[in-house]
Amino acid sequence: MPHEVIMPALGMAQDSGLIVAWHKRPGDAVSEGDVLFEVETDKATMEVEAQTDGFLLQVRRDAGDDVPVGEVIAMIGDSKEDVQAEESPADAPLPADTDLPTGREVIMPALGMAQDSGLIVAWHKAPGDAVAAGDILFEVETDKSTMEVEAGHDGFVAALLAEAGEDAPVGEAIAIISADKPEAPVQRSRKSAPAAAPTAPPAATAPKAAPKAPVPATPPPPARAEVVSEHDRILASPKARRLALEQRLDLNRLVREGYPQPYHVKDLEILRSLPAEAAPGPSSGARRITAQVPSDGFSRFALWAAEQAGLQDDGALLAGLAGASLKSDGAVVAVETPVGTRHYSVPGRQFGDVAETDSGTAVDLVLRDLRSSRIGSVHLGPEDSPVLTVSARGEGFALTLECASHHLTASEAVALLSDFAGRMEQPLRHLL
Amino acid sequence: MREITLSQAVNEALAEEMRRDETVFIIGEDVAEAGTPFKVLSGLVEEFGTARVVDTPIAEPGFMGIAVGAAMTGTRPVVDLMFGDFIYLIMDQLCNQAAKTHYMSGGKLSVPLVLRTNLGATRRSAAQHSQSLHALVAHIPGLKVALPSSAYEAKGLMKTAIRDDNPVVIFEDKLMYQDKAPVPEEEYLIPFGEANVLREGSDITLIGTSSMVQVCQKAAEILGSEGISAEVIDPRTIVPLDEETLLASARKTSRVIVVDEGHQSFGVTGEIASRINEKAFYHLDAPVLRMGAMDVPVPFSPALEDITVPTPESVVENARRLVHGEMIHAA
Amino acid sequence: MSRAKAKKSNVDDYLRMYRQMARIRAFEDNANQLYLSAKMPGLTHMYSGEEAVAVGICEALRVTDKITSTHRGHGHCVAKGAEFKEMFCELLGKEEGYCRGKGGSMHIADQSNGNLGANAIVGGSMGIATGSAFTAKLLGKDDVTVCFFGDGATAQGLWYEVMNMAALWKLPVIYACENNGYSEYTRTDEIAAGSIVARAEAFGIESHQVDGQDVLAVNALTEKLVARARKGEGPFFVELKTYRYHGHHVGDINRDYYRSKDEEKDWKENRDPIIRFRSWLVEQGIANEAEIDAMNAEIADDAKAAVDYALAAKYPDSTEVDMHVYTDVKHALARGDAR
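Residues numbered from 1 in each chain as written. Chains lettered and ligands numbered in written order. Predicted model: local features only at pLDDT ≥ 70, side-chain atom pairs only at ≥ 80, totals over all residues.

K.L.:
How should the overall build of chain C be read in this particular structure?
P.N.:
Of the regular secondary structure elements, chain C holds 11 helices and seven strands. Computed over C-alpha atoms, the radius of gyration of chain C comes to 20 Å, within 12% of the 20 Å expected from 2.2 N^0.38 for 339 residues, which places it in the range of a compact globule. Referenced to the eigenvectors of the C-alpha coordinate spread, the extents of chain C come out at roughly 65 × 50 × 45 Å. Looking at chain C as a whole, 55% of its 339 residues are labelled buried. In chain C, 75% of the contacts between residues at least 6 apart in sequence involve partners at least 24 apart. (Helix = DSSP H or I, 4+ residues; strand = E, 2+ residues; numbered from the N terminus. Rg over C-alpha atoms; globule rule 2.2 N^0.38 Å. Buried ≥ 20, exposed ≤ 12 C-beta atoms within 10 Å, placed from the backbone. Contact = placed C-beta atoms within 7 Å.)

Below is the structure:
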């Protein structure tokens, strides 16, 4: 199956391409990827590769030709036989235009309001016929109507250059009327016409748009905003975003600190006034990490524990979850609420074993229960013991662990908070 | 400085220009002895005669067409169109002929005419005598459009319009004809395309046209008493539009409301808001709001008509929401 | 042909009238070919057949007198003194056209010869012509303005508004209705009730009818009316019976449904204004056949040279696109807005 080689559309606003050179000759074997020809377009010269393996044949356009995009300029055949088969008709000498009889050209007229071509419905005269200027020469269909076109000149039909049923571009000569009776009137179809430079429509000769800048092979990476939300997109005004970017302020901090969106320029003041976030590393004395969990797990569990197990002290439940997250072999947890502080000893995982103890007992962990307050986020710095703060945020709880670096290593702190977050989310698993 | 009405200011501008240039003439319905229904032209026919203050039949396309031809051949007509609503009647002459002649002739012909007409609702004149149709003509390249906001502006802009070699449409607010303002005795012109910053502010910019400038001024006073500093700007001409001044203010205050009495949809407010959005986006701390007339034909009943146009109170309410960082039209 | 007898002193005028009519025909033949061969963009309307109207009238005008023209306006433009080269350049959208390629066939204006422009709105120039006459009156000049329009435009209301004012104010304007019998693709008797002449007369305007194929008759009448209009006796109305050889526009070639080939043949063979005037010239001994053939050949050469020039001429630079929107702004879009 022969493969068509077409003039490709390469430029940004390209109507045609100039063939600079052929790199293969008719009959040459070609492989996919071989450079077939060079084309100049939009002021750049490009090499066009063969799209398939085979033999180049039927080269219809020569170097130096400016060819409309989409036109078939050659074929690639599967075999030498293809070459023979395809080339044989091309070997037949085509009538050159110089062979046509002389006379007045009859052109496909532009008749419609927006017409590029006309379909010849029928010729009313045959080659050699005598015609008068007012005689109907042919019928043309355009814009859905059929019109009769007069010969326009007196004389004889010396040539009909298109057949009925063919579509001819407006402006193309489709017949020739000679003054004298022609000796050898010509009749042919458009398809058999030698490739002649088509009559350029005005658009084709219009001044070209300014040459386009070449598209770089690898476009530079787009400038990225440094503000990348941890969760959903942050809602902020264009100006607030721009200033944050310029001043290297991280709008995510406002999110982490629980400030309500959308952010405007005035919120950047708050952002600037926030204490510097603890930089990671042993030199830092303080650690602070946060997590967020849905609240329904713990709430349902607390309800169940109160009704089914008689455990009605939320503080004890929290202490149990927190203590077990810190140590599996027993811990003392102080639970702070806005009302006051209670101490619990947490010997293991059983909630039943959690018991209130003296306030004098050394505390391993403080659990600050701010669920009922309006405080959304805390940043209080390390105290004597690690502090786990539970606060309400939206539909869930914000969990914040603050401690000094000597209380817990970074990995211990991460382990503690993620353990505690897991237990808060699914308290039943704590019991397993 | 003496204070005169907007009506007197327009009258003075016309008289001064007619004295200065004998090719200036006025043409329209009841412009001579009647001096128009608004009495803006009273006295001009006495000084300049009926040859230059020309009463026409009630035939708006006809006298508009005559003015276009007269302007093309060496005169400076000032066409008086009794109500802005009648602009629909003269659209072909204004938009197909006057606006395009200079361009279509490759710069060889020009049409130095002024179309004087009016806008403004709340005069209980109902849907065919109350429209503010300046956006319609501002859409057409080749026309300039001026919107005076006071007697001072009306005089200076009219004199500039008459001297301009392009077709200029001036819309006076018909409710402002009796409003007085200080107007100097000595001659002055107000150039086109230079906005007027009436009040400086830092929190929000209120851009108003025509009588909406007063609305913005009143709103700014109320906002000031609440500690919100509003800047008030009058573009004076919407074609050409002084983008620089509007953008500079938008960049400074980062919040903008555009107030205009034309219908809100597809109108002047949308055009100005869009340009600010395109060219000052990264300076905006809030969406640019449009406040135009309701998208309804102007109703007759005072109870209905008064709610169709922006008021100082409605501007204040929107300004507060923007300054307080409220989410506007949050999804 | 009218019974006019050639006066020796008018020989140059007669030859010039013939030349102008032949030039219009040559211009249109070339424009038709340019359009059909897709070398000319847009839409165009041929004046062929109506030459005696434009020439008879414009030969009675001074350069300072004004005309307004129509979508079928090439004839008026040539008759008022325009050059082929600038006209073809305009038709092809070239920079050297009368309007720098911004107007095209339907908007050619040539203010140096008093042509205020063709108008693509049917009846659109009636106000402009009347306003031009208003200027003459206001400024005390004796210019006369001729408003060309077709029978189809008599259906536009604007005409009645401006005729009313022109009559009230006695403006020096002549409304010239080129009645070619067809309003686009419809016979005029199907779109015009009553008499067109009577419509002008209803405003008290002196009205005339004349054979629009007889250049001498048209010219003689116009000379008289122009002289009277200069003295303040206007306005006037003239209905000129004429015929367009082509369809409404180039491309309207199958028009049997609104007019017959026999009718066209009759006008072309028996009432052609150029053939008639040519025989008169020969008959009166003003020119012989050989001289006229030579003139025709020279005109054909001029037209061909102008076409070739226009085809090769340069298009306007793309930077022109926002020029001439306003008189005082070089590039209307330079700042994203008119300034």
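Still to come is the rest of the account.
K.L.:
Quick question: what am I supposed to make of the interface of chain C and chain B here?
P.N.:
Often, the extent of an interface is quoted as the loss of accessible area upon association of its parts. Counting from both sides, the interface comprises 39 residues of chain C and, opposite them, 42 residues of chain B. Of all the elements in the fold, those that place two or more residues in the side of chain C that touches chain B are α5 (126–139) and α6 (157–169) of chain C. For the side of chain C that touches chain B, the element with the most residues is α5 of chain C, which contributes 11 residues. Looking at the side of chain C that touches chain B residue by residue, the classes come out as 17 nonpolar, 14 polar and eight charged. (Nonpolar A, V, L, I, M, F, W, Y, C, P; charged D, E, K, R; others polar.)

K.L.:
How should the domain arrangement of chain A be read in this particular structure?
P.N.:
Along its sequence, chain A is carved into domain 1 (3–91), domain 2 (97–204), domain 3 (238–273) and domain 4 (286–431). Relative to domain 4 of chain A, the C-alpha centre of domain 1 of chain A lies at a distance of 76 Å. (Domains from an automatic or database assignment.)

K.L.:
Sorry, what's going on with the interface of chain A and chain C here?
P.N.:
Tallying the contact residues gives 15 residues for chain A and 11 residues for chain C. Sorting elements by how many residues they give to the side of chain A that touches chain C places strand β13 (residues 145–150) of chain A first, with three residues. Here the side of chain A that touches chain C is composed, by residue class, of 11 nonpolar, three polar and one charged.

K.L.:
How should the confidence of the model for chain C be read in this particular structure?
P.N.:
Should the pLDDT be low somewhere, the predicted coordinates at that spot are not to be read in detail. In this model, chain C carries an average pLDDT of 94, and 96% of its residues clear a pLDDT of 70 or more. Both confidence scores are given for the complex: pTM 0.72, ipTM 0.92. (pLDDT = per-residue confidence, 0-100.)

K.L.:
I keep staring at the sheet that holds strand β13 (residues 256–263) of chain B and nothing clicks. Help me out?
P.N.:
Consider a sheet: its strands pair through backbone hydrogen bonds, and that pairing is either parallel or antiparallel. Residues and elements named next belong to chain B. Pairing is mixed in the open sheet, where five strands are placed in the order β9-β11-β10-β13-β14. Each of the sheet's edge strands pairs with one partner strand only, and the pair in question is β9 (196–199) and β14 (289–293). Each adjacent strand pair in this sheet contributes to an overall mean axis angle of 25 degrees, direction not counted. Note: β13 against β14, four bridges, orientation parallel. The residue of β14 that forms the bridge with histidine 263 is alanine 293. Helix α9 (residues 268–279) contacts β10 (204–208), β13 and β14 of the sheet and is inclined by roughly 155 degrees relative to β13. (Pairing = 2+ DSSP bridges. Axes fitted to C-alpha atoms, helices over the stretch in contact; angles between N-to-C directions.)

K.L.:
Would you take a moment to explain the packing of helix α2 (residues 51–58) of chain C against helix α8 (residues 215–230) of chain C for this structure?
P.N.:
What describes two packed helices is the angle between their axes and the distance between those same axes. Residues and elements named next belong to chain C. Viewed as axis vectors pointing N to C, α2 and α8 meet at an angle of 35 degrees, and their least axial separation amounts to 8 Å. The hand of the α2/α8 crossing is right-handed. On α8, the residues touching Ala52, Val53, Val55, Gly56 and Ile57 of α2 are Val215, Val218, Asn219 and Thr222. Here the contact of α2 with α8 is composed, by residue class, of six nonpolar, three polar and no charged. (Left-handed = near helix turned anticlockwise from the far one by under 90°.)

K.L.:
Mind showing me how you'd approach the sheet that holds β13 of chain A here?
P.N.:
Residue and element names in this part refer to chain A. An order of β13-β12-β10-β15 is seen for the four strands of this open sheet, with the pairing classed as antiparallel. Of all the strands in the sheet, the pair left with one neighbour each is β13 and β15 (167–169). Across the sheet, the mean angle from the axis of one strand to that of its neighbour is 40 degrees, orientation sign disregarded. Bridge count for strand β12 (residues 136–142) against β13 is six bridges, and the pairing is antiparallel. Looking across to β13, one finds that glutamate 139 is bridged to glutamate 148.

K.L.:
Sorry if this is basic, but what is going on with unusual backbone geometry here?
P.N.:
Excluding glycine, residues mostly carry a negative phi; peptide bonds, for their part, are mostly trans. Going from valine 239 of chain B to proline 240 of chain B, the amide bond is cis rather than trans, its omega being -5 degrees. In this structure, proline 240 of chain B sits in the loop between β12 (237–239) and α8 (243–253). With an omega dihedral of -5 degrees, the bond running from glycine 234 of chain C to proline 235 of chain C counts as a cis peptide bond. Of note in this structure, threonine 36 of chain B is not a glycine but carries a positive phi near 70 degrees. A tally of 22 C-beta atoms within 10 Å means that threonine 36 of chain B is categorised as buried. The phi dihedral of glutamate 184 of chain C falls on the positive side, at around 55 degrees, and the residue is not glycine. With respect to the element layout, glutamate 184 of chain C can be found in the loop between β4 (182–183) and β5 (186–187).

K.L.:
Just checking my understanding: could you explain helix α6 (residues 296–308) of chain A for this structure?
P.N.:
Note: α-helices contain 3.6 residues per turn, so residues at a spacing of three or four share the same orientation. Residue and element names in this part refer to chain A. Under the 1.5 Å per step criterion, the end-to-end length of α6 is 17 Å for 13 residues, consistent within 8% with the ideal 18 Å. Among the residues of α6, those classed as buried are Phe298, Phe301 and Ala305. The buried residues of α6 occupy an angular sector of 65 degrees when projected down its axis, which confines them to one face. What points out from α6, more than 90 degrees from its buried face, is the exposed set Asp296, Arg300, Leu303 and Glu307. The inward-facing, buried residues of α6 contact α7 (314–326), α8 (410–425) and α9 (427–431). (Expected span 1.5 Å × (residues − 1). Arc of directions from axis to C-beta.)

K.L.:
Just checking my understanding: could you explain the environment of leucine 119 of chain B for this structure?
P.N.:
All names here are of chain B. Considering the arrangement of structural elements, one finds leucine 119 in strand β5 (residues 114–119). Under the C-beta neighbour-count criterion, leucine 119 is labelled buried, with 26 such atoms within 10 Å. On a C-alpha basis, the gap between leucine 119 and glutamine 93 in space is 20 Å, while along the polypeptide they are 26 residues apart.

K.L.:
What exactly am I supposed to notice about the pairing of β13 of chain B here?
P.N.:
Residues and elements named next belong to chain B. Counting buried residues in β13 gives eight out of eight residues, a clear majority hidden from the surface. Where β10 meets β13, four bridges bridge the pair, whose relative direction is parallel. Across the sheet, residue threonine 205 finds its bridge partner in β13, namely valine 256. Crossover connection from β13 via α9 to parallel β14: handedness right-handed. (Right-handed = clockwise from strand over helix to strand, strands pointing away.)

K.L.:
Please clarify how the nonpolar core should be interpreted in this entry.
P.N.:
Soluble, globular proteins show a tendency: their nonpolar side chains are buried together. Membership of the largest hydrophobic core comes to 230 residues, with the highest contact counts inside it found for Leu206 and Ala319 of chain B. Judged by nonpolar contacts, the second largest core, of 39 residues, contains Phe301, Ala319, Leu321 and Phe420 of chain A. (Core = buried A, V, L, I, M, F, W, Y, C linked by C-beta atoms within 7 Å.)

K.L.:
What's the story with the packing of α5 of chain C against α6 of chain C in this structure? I'm lost.
P.N.:
All names here are of chain C. In the contact formed by α5 and α6, the axes pass within 9 Å of each other and the chain directions differ by 15 degrees. Considering their axes alone, α5 and α6 lie roughly parallel with respect to each other. Every pair of crossing elements has a handedness; the one defined by α5 and α6 is left-handed. Together, Met126, Gly127, Thr130, Ala133 and Lys137 of α5 and Leu158, Trp159, Val162, Met165, Ala166 and Trp169 of α6 make up the contact between the two elements. Looking at side-chain class alone, the contact of α5 with α6 contains eight nonpolar, two polar and one charged residues. (Parallel < 35°, antiparallel > 145°, perpendicular 65-115°, else oblique.)

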